[in-house]
Amino acid sequence: MEYLIAFVCGGLICVVGQLLLDIIKITPAHVMTLFVVTGAVLDGFGLYDKFIEFAGAGATIPITSFGHSLLHGAMKGAEEHGLIGIGMGMFELTSSGISAAILFSFLAALIFKPKG
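Residues numbered from 1 in each chain as written. Predicted model: local features only at pLDDT ≥ 70, side-chain atom pairs only at ≥ 80, totals over all residues. Heavy atoms only, no water.

On to the overall build of the chain. From N to C terminus, the chain includes six helices and zero strands. Counting only C-alpha atoms, the chain reaches 45 × 40 × 30 Å along its principal axes. The buried share of the chain, reckoned over its 116 residues, is 23%. The contacts of the chain with a sequence gap of at least 6 include a subset with a gap of at least 24, amounting to 47%. Taken as a whole, the chain presents about 8300 Å² of accessible surface, with 75% of it coming from carbon and sulfur. (Helix = DSSP H or I, 4+ residues; strand = E, 2+ residues; numbered from the N terminus. Buried < 20%, exposed > 50% of the residue type's maximum accessible area, 1.4 Å probe, protein only. Contact = heavy atoms within 4.5 Å. Areas by Shrake-Rupley, 256 points an atom, 1.4 Å probe, with all protein chains shown as cover.)

In structure tokens, the structure reads:
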């Protein structure tokens, strides 16, 4: 049952993104930014952690989880180091994901012919 809930919740997030692309005609970059900000705002109100408890991977895999992680890292860094810790904490928690995205994008560009 956990797998079904995760699949449906993650799928609904994707459906919302696709509807934003098709109906409102905003760019993929705007959808991604909107989802990251939405994840951070929901986490700010304490709702995203409850969503993760309910949906599991359906909530941690989509890009909304990145906003959640950014805010969690910033809050933890602010508690430990004050104002300077906000920037440190954000990237401490999300650095592995950012590094992996850069590395795999570079490898894909070496293997395939980029058109941009």
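From this point, the narrative continues.
Time to look at the side chain of D43. Tracing the backbone through its elements, the reader meets D43 in helix α2 (residues 28-44). For the buried residue D43, which engages in no salt bridge, the nearest side chain bearing the opposite charge is K50, 11 Å off. (Lys, Arg positive; Asp, Glu negative; His and termini not counted. Salt bridge = Lys/Arg side-chain N within 4 Å of Asp/Glu carboxyl O.)

Given a rise of 1.5 Å per residue, 28 residues ought to cover 40 Å, and the 39 Å separating the end C-alpha atoms of helix α6 (residues 84-111) matches this to within 8%. Of all the bends found along α6, the most pronounced is centred on T94 and spans about 60°. By the burial criterion, the buried members of α6 are G85, G89 and T94. Buried-residue contacts for α6 involve α5 (64-81). (Expected span 1.5 Å × (residues − 1). Bend = angle between axes of the 7 residues up to and from the residue.)

Attention now moves to the packing of aromatic side chains. Throughout the structure, instances matching the rule amount to one aromatic pair. Look at Y48 and F51: their rings are 5.7 Å apart centre to centre, the planes differ by 70°, and that puts the pair in the edge-to-face class. Of this pair, Y48 and F51 both sit in helix α3 (residues 48-55), separated by three residues, roughly a single helical turn. You can call Y48 buried: its relative accessible area is 1%. (Phe/Tyr/Trp six-rings, centres within 6.5 Å; stacked < 30°, edge-to-face > 60°.)

Backbone geometry follows two general trends: most residues other than glycine have a negative phi, and most peptide bonds adopt the trans configuration. Non-glycine residue K25 carries a positive phi angle of around 65°. Within the fold, K25 resides in the loop between α1 (2-24) and α2.

Moving on, we get to a nonpolar patch on the surface. Side chains of M1, L4, F7, V8, L12, V15, L19, I23 and I24 sit close together on the surface and give an oily, nonpolar patch of about 970 Å² of accessible area. Assignment of secondary structure puts L4 in helix α1. Residue class for L4 comes out partly exposed when judged on its relative accessible area of 48%. (Patch = residues over 30% accessible without salt bridge, like charges linked within 9 Å, V, L, I, M, F, W, Y side chains within 5 Å.)

Here we come to the packing of α2 against α5. Axis separation between α2 and α5 bottoms out at 6 Å; the angle between their running directions is 50°. Taken together, the axis directions place α2 and α5 in an arrangement best described as oblique. Relative to α5, the crossing made by α2 is right-handed. Contact with α2, carried on its side by F35, V36, G39, A40, D43 and G44, involves T64, F66, G67, H68, L70, L71 and H72 of α5 and no other residues of that element. (Axes fitted to C-alpha atoms, helices over the stretch in contact; angles between N-to-C directions. Parallel < 35°, antiparallel > 145°, perpendicular 65-115°, else oblique. Left-handed = near helix turned anticlockwise from the far one by under 90°.)

As for its placement among the helices and strands, E79 is situated in helix α5. For E79, a relative accessible area of 69% corresponds to the exposed category. As a C-alpha pair, E79 and I13 span 66 residues in sequence and 31 Å in three-dimensional space.

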